[in-house]
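Residues per chain, in single letters:
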Amino acid sequence: MDCLQDWPEPIVRVQSLSESGASTIPARYIKPPNDRPSPTAISNCHVSIPVIDMSADPEHVARVVSSACREWGFFQVVNHGVDPKLMRCARDTWCGFFHEPMEIKQQYANSPKTYEGYGSRLGTKKGASLDWGDYYFLHVHPPSLINQEKWPALPSSLRPTTDEYTQELLKLCRRLMRVLSKGLGLKEGRLQEAFGGDKDGACLRVNFYPKCPQPDLTLGLSPHSDPGGMTVLQVDDHVKGLQVRKDGAWVTVQPVPDSFIINIADQIEVLSNGAYKSVEHRVMVSSTAERLSMAFFYNPSSDIPLAPIPQLVMPDRPPLFLPMTFNEYRLYIRKNGPKGKSQVESLKIVPKAVHV
Ligand code: OGA
Ligand code: NI
């Protein structure tokens with residue numbers, strides 16, 4: 001695919017724009033009025049994504065996870081088994097990277113071919129609207145896909161910490177896969193089997209949202225659903241920014257310290273035949289605080305066609321999606337950038353006309 005060889009225009013680092021001290025943002029970052037963060041967004045404590053204690057009774061955990069995935073597609077987990085010290089070390093070391101001099105970061109500049117490295121846009125459409133954020137994207141699993149050259153050499157703690165973080169998050173994801181399977185009435189290993197068993201994969205995107213002089217006009221990340229299996233997100237305890245779509249409104253997530261935010265992504269929506277929802281989300285930015293988040297994308301093996309699991313297809317619940325491999329699927333977001341749920345919609349089987 002030629003269109004994925006290189007960026008269509010020179011890359012501008014959002015961090016450089018932010019540090020230039022300008023009081024306005026370039027037109028490319030200004031969203032149409034309806035897409036701007038609305039001041040009426042629900043951000044109080046009355047509505048919020050469920051918080052789930054993973055150390056509770058397993059039957060109870062399976063039930064509450066299942067209803068969170070059906071109603072919200074999102075939940076936060078506490079007592080998840082990952083050491084909060086490791087979580088903090090991972091965040092601190094990546095924060096260290098984003099505060100290295102620009103020349104160092106530029107050595108890792110990415111291209112749309114694999115997206116690995118230091119990036120500032122998603123999608124390769126010339127003239128596209130841009131989001132107020134830089135990121136670093138890496139393949140972290142399986143080991144055969146790891147290219148250490150693409151991992152920053154500095155700070156020196158970055159590689160070992162990222163490695164340990166990956167191992168711990170893989171364990172958490174595989175455990176969640178058993179919980180998710182149970183919640184669908186399947187045997188515990190069923191979703192993992194559909195992912196290719198031990199051929200599962202994972203990528204890490206560390207998002208860095210610099211301070212923005214006009215946060216009301218732009219977004220840190222435009223509405224999208226995640227293309228992979230599920231996402232384990234670590235956000236800043238203090239700086240809010242993530243919003244989740246619920247019944248047409250944007251609900252701001254209130255981060256719980258030391259928790260992870262988990263969301264169902266498109267491939268599990270497909271496997272569950274639409275029972276679990278891969279929900280749109282977006283990120284707001286701030287004029288007073290920068291924000292760093294770490295999104296760990298847990299994915300199926302890239303070359304197996306995924307389709308609704310046969311046990312979840314019934315006469316009154318026909319298959320909703322066409323089969324596709326994850327490799328094919330992710331080309332879409334890599335080319336088009338974040339575009340709401342348009343990608344998973346494109347896999348939907350159009351019901352046959354009913355003649356009466
Ligand atoms: C993502 C994402 C949310 C955030 O990286 O896909 O949705 O809070 N990030 O940065
Ligand atoms: Ni996302």
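Residues numbered from 1 in each chain as written. Chains lettered and ligands numbered in written order. Predicted model: local features only at pLDDT ≥ 70, side-chain atom pairs only at ≥ 80, totals over all residues. Heavy atoms only, no water.

Draft legend 1. Layout of the overall build of the protein. From N to C terminus, the protein includes 9 helices and 12 strands. Taken against the 2.2 N^0.38 rule, which gives 21 Å for 356 residues, the C-alpha radius of gyration of the protein at 20 Å falls within 12% of a compact globule. Here the C-alpha coordinates of the protein stretch approximately 60 × 50 × 45 Å along the principal axes. When the 356 residues of the protein are sorted by exposure, 53% land in the buried category. When contacts within the protein are restricted to residue pairs at least 6 apart in sequence, those whose partners lie at least 24 apart make up 79%. (Helix = DSSP H or I, 4+ residues; strand = E, 2+ residues; numbered from the N terminus. Rg over C-alpha atoms; globule rule 2.2 N^0.38 Å. Buried < 20%, exposed > 50% of the residue type's maximum accessible area, 1.4 Å probe, protein only. Contact = heavy atoms within 4.5 Å.)

Draft legend 2. View of the side chain of T231. Position of T231 relative to the elements: it lies in strand β7 (residues 230-234). Only 2.7 Å separates the side chain of T231 from the side chain of D226, close enough to count as a polar contact. Setting aside residues up to four positions removed in sequence, T231 forms contacts with D226, I261, I262, N263, A295, F296 and F297. (Polar contact = N/O pair within 3.5 Å; in protein donor to acceptor, adjacent residues only side chain to side chain.)

Draft legend 3. Structural detail: the UniProt feature "domain: Fe2OG dioxygenase" (unreviewed entry) in the protein. The feature "domain: Fe2OG dioxygenase" (unreviewed entry), as annotated in UniProt, sits at residues 200-300 in this numbering. The span residues 200-300 is 6% helical and 44% strand by assignment, and the distance between its end C-alpha atoms comes to 5 Å. (UniProt positions renumbered as here; feature names shortened; annotations may be inferred.)

Draft legend 4. Fine view of the pattern of salt bridges. With the rule as written, the count across this model stands at 13 salt bridges. One salt bridge in this structure joins E9 and R28, with 2.8 Å as the shortest N-O distance. With a gap of 19 residues between them, E9 in the segment before α1 (14-19) and R28 in the loop between α1 and β1 (51-53) connect regions that are remote in the sequence. Exposure remark for E9: the relative accessible area of 17% places this residue in the buried category. (Salt bridge = Lys/Arg side-chain N within 4 Å of Asp/Glu carboxyl O.)

Draft legend 5. Spatial organisation of the site of ligand 1. Taken together, 14 residues sit near ligand 1, with R205, Y209, H281, R291 and S293 positioned nearest. Contact distances for ligand 1 include 3.0 Å between an oxygen atom and a side-chain N or O atom of N207. When isolated, ligand 1 has an accessible area of 300 Å², and the protein chains bury 98% of it. At the level of secondary structure, the elements contributing two or more residues to the shell around ligand 1 comprise β5 (201-209), β6 (221-224), β11 (281-283) and β12 (291-299). In terms of residue count, the dominant contributor to the shell around ligand 1 is β12 (4 residues). (Near = heavy atom within 4 Å. Areas by Shrake-Rupley, 256 points an atom, 1.4 Å probe, with all protein chains shown as cover.)

Draft legend 6. Region of the structure containing the coordination of the nickel ion (ligand 2). Around the nickel ion (ligand 2), the protein supplies H224 (NE2), D226 (OD) and H281 (NE2) as donor atoms, at distances of 2.1 to 2.2 Å. Along the chain, the residues that donate to the nickel ion (ligand 2) are spaced as H-x1-D-x54-H. (Donors = N, O, S within 2.8 Å, 3.2 Å for Na, K, Ca; no water.)

Draft legend 7. The sheet that holds strand β9 (residues 249-252), seen in detail. The strand order across the open sheet formed by 4 strands is β6-β11-β8-β9, and the pairing between neighbours is antiparallel. In this open sheet, the two strands that pair with only one neighbour each are β6 and β9. With strand direction ignored, the average angle separating the axes of adjacent strands in the sheet is 25 degrees. Pairing between strand β8 (residues 242-246) and β11: 3 bridges, direction antiparallel. Within β11, the position partnered with V244 by the bridge is H281. (Pairing = 2+ DSSP bridges. Axes fitted to C-alpha atoms, helices over the stretch in contact; angles between N-to-C directions.)

Draft legend 8. Quick peek at the packing of helix α3 (residues 84-98) against helix α5 (residues 158-183). For the pair α3 and α5, interaxial distance at closest approach is 9 Å and the crossing angle is 140 degrees. By the criterion of interaxial angle, the relationship of α3 to α5 is oblique. α5 is crossed by α3, and the crossing has left-handed handedness. Contact residues: α3 offers L86, M87, C89, A90, T93, W94 and F97, while α5 offers L158, T161, T162, E164, Y165 and E168. Its residues placed into classes, the contact of α3 with α5 shows 8 nonpolar, 3 polar and 2 charged. (Parallel < 35°, antiparallel > 145°, perpendicular 65-115°, else oblique. Left-handed = near helix turned anticlockwise from the far one by under 90°. Nonpolar A, V, L, I, M, F, W, Y, C, P; charged D, E, K, R; others polar.)

Draft legend 9. Expanded view of the packing of helix α2 (residues 58-71) against α5. Interaxial distance between α2 and α5 falls to 8 Å at its minimum, and their mutual angle equals 80 degrees. By the angle class used here, α2 and α5 are roughly perpendicular. On the side of α2, the interface is formed by P58, E59, V61, A62, V65, S66, C69 and R70, while α5 contributes V179, L180, K182 and G183. A breakdown of the residues in the contact of α2 with α5 according to their chemical character gives 7 nonpolar, 2 polar and 3 charged.

Draft legend 10. Region of the structure containing the nonpolar core. In terms of nonpolar packing, the biggest core is built from 57 residues, with W94 and F260 touching the most fellow members. Per-element tally for this core: the top contributor is α5, with 10 residues. Residues contacting W94, with those up to four places away along its chain left out, are Y136, L138, P152, L158, T162, L204, V206, L292 and M294. Ranked by size, the runner-up nonpolar core spans 29 residues in total, among them W7, V14, V251 and V253. (Core = buried A, V, L, I, M, F, W, Y, C linked by side-chain atoms within 4.5 Å.)

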